[in-house]
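Each chain, letter by letter, is given below.
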Amino acid sequence: LMLTMLVGFSAEAGMQVNSDGKPVVSVASDCTWPPMEFINKDKQIVGFSVDLMKAAAEAGGYVVEIKNVAWDGIFAGLASGKYDCICSSVTINKQRKKGMDFSDPYFEVQQSVVTNKDSNAKTLADFKGKKLGAQIGTTGYFAVKKTDGVVAKSYDEVGLAMEDLYNGRISAVVCDDPIAADFALQQEEYAKRLKIAFVVKSDTPEYLGVAVQKGNKEVVDLINKGLAAAVKNGSYDKIKAKWFGS
Ligand code: ARG
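Moving on, we come to the packing of helix α2 (residues 48-60) against helix α10 (residues 235-244). As a packed pair, α2 and α10 sit with axes 10 Å apart at the nearest point and diverge in direction by 165 degrees. In terms of axis orientation, α2 runs roughly antiparallel to α10. In terms of crossing hand, the pair formed by α2 and α10 is right-handed. In contact with Phe48, Asp51, Leu52 and Ala55 of α2, α10 contributes Ser235, Tyr236, Ile239, Lys240, Lys242, Trp243 and Phe244. Its residues placed into classes, the contact of α2 with α10 shows seven nonpolar, one polar and three charged.

What follows concerns the sheet that holds strand β14 (residues 172-176). Spatially, the five strands line up as an open sheet ordered β13-β12-β14-β11-β15, and their pairing is mixed. Where the open sheet ends on each side, the last strands, each with one partner, are β13 (151-155) and β15 (194-199). Recorded for the sheet is a direction-independent mean angle of 30 degrees between the axes of neighbouring strands. The pairing of strand β12 (residues 131-135) with β13 spans five bridges and is classified as parallel. The residue bridging Gly133 from the neighbouring strand is Lys153, located in β13. Packed onto the sheet, helix α6 (residues 158-166) meets β11 (111-116), β12, β13, β14 and β15 and runs at close to 150 degrees relative to β14. The sheet contacts of helix α7 (residues 177-186) involve β11, β14 and β15, and relative to β14 the element is tilted by about 130 degrees.

This part is about the domain arrangement of the chain. Here the chain is described as being made up of domain 1 (3-108 + 207-244) and domain 2 (111-199). Relative placement of domain 1 and domain 2: their C-alpha centres are 28 Å apart. Taken together, the contacts link 14 residues of domain 1 with 15 residues of domain 2. Approximately 1,200 Å² of surface area, both sides summed, lies buried where domain 1 meets domain 2, with 60% of it carried by carbon and sulfur atoms. Of all residues in domain 1, Trp33, Pro34 and Trp71 bury the most surface against domain 2, accounting for 48% of the area lost on that side. The interface formed by domain 1 and domain 2 includes zero salt bridges.

A few words on the packing of aromatic side chains. Throughout the structure, instances matching the rule amount to nine aromatic pairs. With centroids separated by 5.4 Å and ring planes inclined at 55 degrees, the aromatic side chains of Phe48 and Phe244 adopt a geometry described as tilted. With Phe48 in helix α2 and Phe244 in helix α10, this residue pair connects regions lying 196 residues apart in the sequence. Since its relative accessible area comes to 33%, Phe244 is described here as partly exposed. Taken together, the ring pairs in this structure connect Phe48, Phe107, Tyr236 and Phe244 into an aromatic cluster. Lying across the ring of Tyr166, Arg193 places its NZ or CZ 3.9 Å from the centre.

Take the site of the ligand next. Inspection of the region around the ligand gives 13 residues, with Asp30, Ser89, Thr91, Arg96 and Gln135 positioned closest. Glu37 has a polar side-chain atom sitting 2.9 Å from a nitrogen atom of the ligand. The side chain of Arg96 places a nitrogen or oxygen atom 2.7 Å from an oxygen atom of the ligand. Among the elements that line the shell around the ligand, the one with the most residues is strand β8 (residues 85-91), at four residues.

Before going further, it helps to spend a moment on unusual backbone geometry. At the junction of Pro34 and Pro35, the peptide bond is cis and its omega measures out at 5 degrees in the coordinates. For Pro35, the position within the fold is in the loop between β4 (32-33) and β5 (37-39). Positive phi outside glycine occurs at Lys43, with the angle close to 65 degrees. Mapped onto the secondary structure, Lys43 falls in the loop between β5 and β6 (45-46).

Cut-offs and rules
- Residues numbered from 1 in each chain as written.
- Predicted model: local features only at pLDDT ≥ 70, side-chain atom pairs only at ≥ 80, totals over all residues.
- Heavy atoms only, no water.
- Axes fitted to C-alpha atoms, helices over the stretch in contact; angles between N-to-C directions.
- Helix = DSSP H or I, 4+ residues; strand = E, 2+ residues; numbered from the N terminus.
- Parallel < 35°, antiparallel > 145°, perpendicular 65-115°, else oblique.
- Left-handed = near helix turned anticlockwise from the far one by under 90°.
- Contact = heavy atoms within 4.5 Å.
- Nonpolar A, V, L, I, M, F, W, Y, C, P; charged D, E, K, R; others polar.
- Pairing = 2+ DSSP bridges.
- Domains from an automatic or database assignment.
- Buried area = accessible area lost by both parts, 1.4 Å probe.
- Salt bridge = Lys/Arg side-chain N within 4 Å of Asp/Glu carboxyl O.
- Phe/Tyr/Trp six-rings, centres within 6.5 Å; stacked < 30°, edge-to-face > 60°.
- Buried < 20%, exposed > 50% of the residue type's maximum accessible area, 1.4 Å probe, protein only.
- Lys NZ or Arg CZ within 6 Å of the ring centre and 35° of its normal.
- Near = heavy atom within 4 Å.
- Polar contact = N/O pair within 3.5 Å; in protein donor to acceptor, adjacent residues only side chain to side chain.

Here it is, written out as structure tokens:
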């Protein structure tokens, strides 16, 4: 069979369609962020975001193709058209909105601070003179950066920061709360020595959204339609219960 018979282009818009005539949306995800998006023991891309994107596609009448893309450079890849959107626990904020558009918010997070169990710190400022780790270019990293007197250490993956914390090379890791809970409470070795010390106070809530190229109404409309339908048909609540308990 020739590929052109399987993959065509929709007449109006130029978006790819599959053999059933459904639009195909390519999704980039940095799969180092459990339980939101990560690679499981069977080498599969899984997580809350992954299930949600699939449910939204199913309910919205389109198909998603999720690929693992490193966080550092993920926004540049969107801008240059390597994929149609990013679903990677991306916090919607003013700065990012200058360069891209977002779907409706689908989840809320806070920045959690993971430390050794014996730490008494209650705020980021309590780590004066110490090293704090976070994934590069994340809201957690920016929270560390703007704290006077602490040393911000950036990592390509939050897991590497957790490893350094575990081995005593840094004093804390700052990341989205579901990820902090996964490493500090769920992962057996880490749970013995690490804890979630506190949540960083913020005056603006952190909502997660799917990012598309600025002005890409076609894709953002599909995603929003799918997300709304997945909420309506109960999939959203089921997926939330699956990954976070009800
Ligand atoms: N919510 C944070 C942000 O937008 C971190 C997201 C990191 N996501 C990932 N898959 N590594 O900055």
